[in-house]
Amino acid sequence: MKRPFSLHLRSLRDRLRRMLIGPQTLAFLPALALAAFWFAGEPGLMATALGLPVLFALLGGFNATAPKHVQSCDPVTGLPLHDTLAKTLQAAMDGTLSTRRATGCYMVAIDDFDVITDRYGRSAADHVLQKTAQRLRMVLRDGDIICRTGHASFGIALAPVMQLDIETAIQLASRLQSGAEEPIILDGTVIYVSVSIGFCQGSRVPENSGQGLMDAAATALGEAIRNAPSAIRSYSDELRRTERSRHIFADEAAAALDSGDILPHFQPQISTDTGRITGFEALARWTHPERGAIAPADFLPVLENAGKLARLGEVMLNRSLAALRAWDDAGLDVPTVAVNFSSDELRNPKLIDKVKWELDRYELDPSRLSIEVLETVVAASPEDVVSRNVNGLARLGCRIDLDDFGTGHASISSIRRFAVGRIKIDRSFVMKVDRDAEQQRMVAAILTMAERLGLETLAEGVETPGEHTMLAQLGCDHVQGFGIGRPMPFDNTEDWLRKHSARMAEAPRISRGG
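These numbers were taken from a predicted model, which means no experiment stands behind them. (Residues numbered from 1 in each chain as written. Predicted model: local features only at pLDDT ≥ 70, side-chain atom pairs only at ≥ 80, totals over all residues. Heavy atoms only, no water.)

*Asks:* Would you mind going over the pattern of salt bridges with me for this structure?
*Replies:* Two side chains bearing opposite charge may form a pair once their charged atoms approach each other closely. Here the structure, examined in full by the defined rule, presents 27 salt bridges. As a salt-bridge pair, Glu-223 and Arg-246 come within 3.7 Å of each other at their nearest N and O atoms. Placement of Glu-223 in helix α8 (residues 210-226) and of Arg-246 in helix α9 (residues 237-259) is noted, with a sequence separation of 23 residues between them. Glu-223 sits in the buried class, given a relative accessible area of 18%. Look at Arg-246 and you get partly exposed, because its relative accessible area is 27%. Arg-276 serves as the salt-bridge partner of Asp-333, at 3.2 Å between the closest nitrogen and oxygen. Here Asp-333, found in the loop between α11 (309-329) and β11 (337-340), pairs with Arg-276, found in the loop between β8 (262-271) and β9 (277-288); they are 57 residues apart in sequence, far enough to count as distant. With a relative accessible area of 46%, Asp-333 lands in the partly exposed category. For Arg-276, a relative accessible area of 44% puts it in the partly exposed group. (Salt bridge = Lys/Arg side-chain N within 4 Å of Asp/Glu carboxyl O. Helix = DSSP H or I, 4+ residues; strand = E, 2+ residues; numbered from the N terminus. Buried < 20%, exposed > 50% of the residue type's maximum accessible area, 1.4 Å probe, protein only.)

*Asks:* Would you take a moment to explain the pairing of strand β15 (residues 456-459) for this structure?
*Replies:* Taken residue by residue, a regular strand's side chains alternate between the two faces of the sheet. Note that strand β14 (residues 422-425) and β15 share four bridges and pair parallel. Within β15, the position partnered with Lys-424 by the bridge is Leu-458. In this structure, β15 lies alongside strand β16 (residues 478-479), joined through two bridges in parallel fashion. Across the sheet, Leu-458 pairs through a bridge with His-478, a residue of β16. This β-α-β element, β15 to helix α19 (residues 465-474) to β16, shows right-handed connectivity. (Pairing = 2+ DSSP bridges. Right-handed = clockwise from strand over helix to strand, strands pointing away.)

Structure (structure tokens):
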């Protein structure tokens, strides 16, 4: 569907207006007149004086609201911004009071927009925004208003219609999604885009408020994003109650982090050759005063959405190194502590200085800190601040562990680029490895690859003596899991270490494969 010529003309006029209307232009008028006089004499000066008002009249004229108009438009897409959407929805809802018409609001978000930016660059990401805005606009009617409401999101106010039942609303959402998800071709590169959509009909908002309608659609969008990609969700009272509970939980999680209720628990890692402790992995744990233990899978995404992962990382690093210092002071042999670093932390340009400061603070050698990086982060990260930080930490002397190996499709070249020293074999490969021949072949292949690359190996999620024995026979260097020891508070680690040493002295040694 081609864009109407009137829209092209309007776009050209708006661009010229943005360039020529404003205080900066008025400041140049004397200079323009002087230049005309210099080159063409008085006739030229008169032509300039007469021509400039005509030009400005064609562009919309001198008016006091021109600078405000410029500021209220998104510079990338040319669309109105957030405030315009709220006002438009309010006007539409006011108009439906005296009629039997209905309105609605749609919120559209581009899925994984940051990934698009990282992979293709800022210019390409802007092009994606522009094309998405155009395609959404082509699905809508002339009276509908589309605005840019966020980093990678758009809001749509529907002009009042005679009927907007749920079936009609869903059909429109599907058309918007289909239009926006057509592949985008830029300089010969095909960029695939998906969008998630939340919407609300005006009749479903408790109060007759444009802002309320927009908030309701945003709530539905939040639920769609949690089910992305390409999800569509409608607002409902139940969704509102769920969202309220989610906000309360998020506030509690943030408060628990600040108050010190989210702390590291330490899970032991041992050598399959000697049985000796080779380190502890620090894992975030939260004990709620009323609900008891909260699973990390429940509170970590909440902290991530709240932008608190970097703060969590600071807490985990500090407490883990403090624990390592305390074990040393108690005469306990714990060679290393492993700390998980999120992608947010790895994008911090001051990360290396922060880690060095913490190591110096506790008088610890960098080789005693293992940095655990998810394989999905390694697989997705180009040559950017993430790889520079990881390699910088390796040069500092820290160990780099690649976590959940086998789940993120990291290439061998990316493993070498990130200076990985050890790979952690995911639980999915370890489970029933003593009884499943296919599992044994998979683990053996991973171990062979690691040996050829000069990497150490650690198997996660070891739960049974049979799994432990088979991994040792296959040649895995280290193991951890419930079968070795569960994550425990720092106060319990000293007792566990002493009991483990006693057990190790009595237990027969497991033979490793040759």
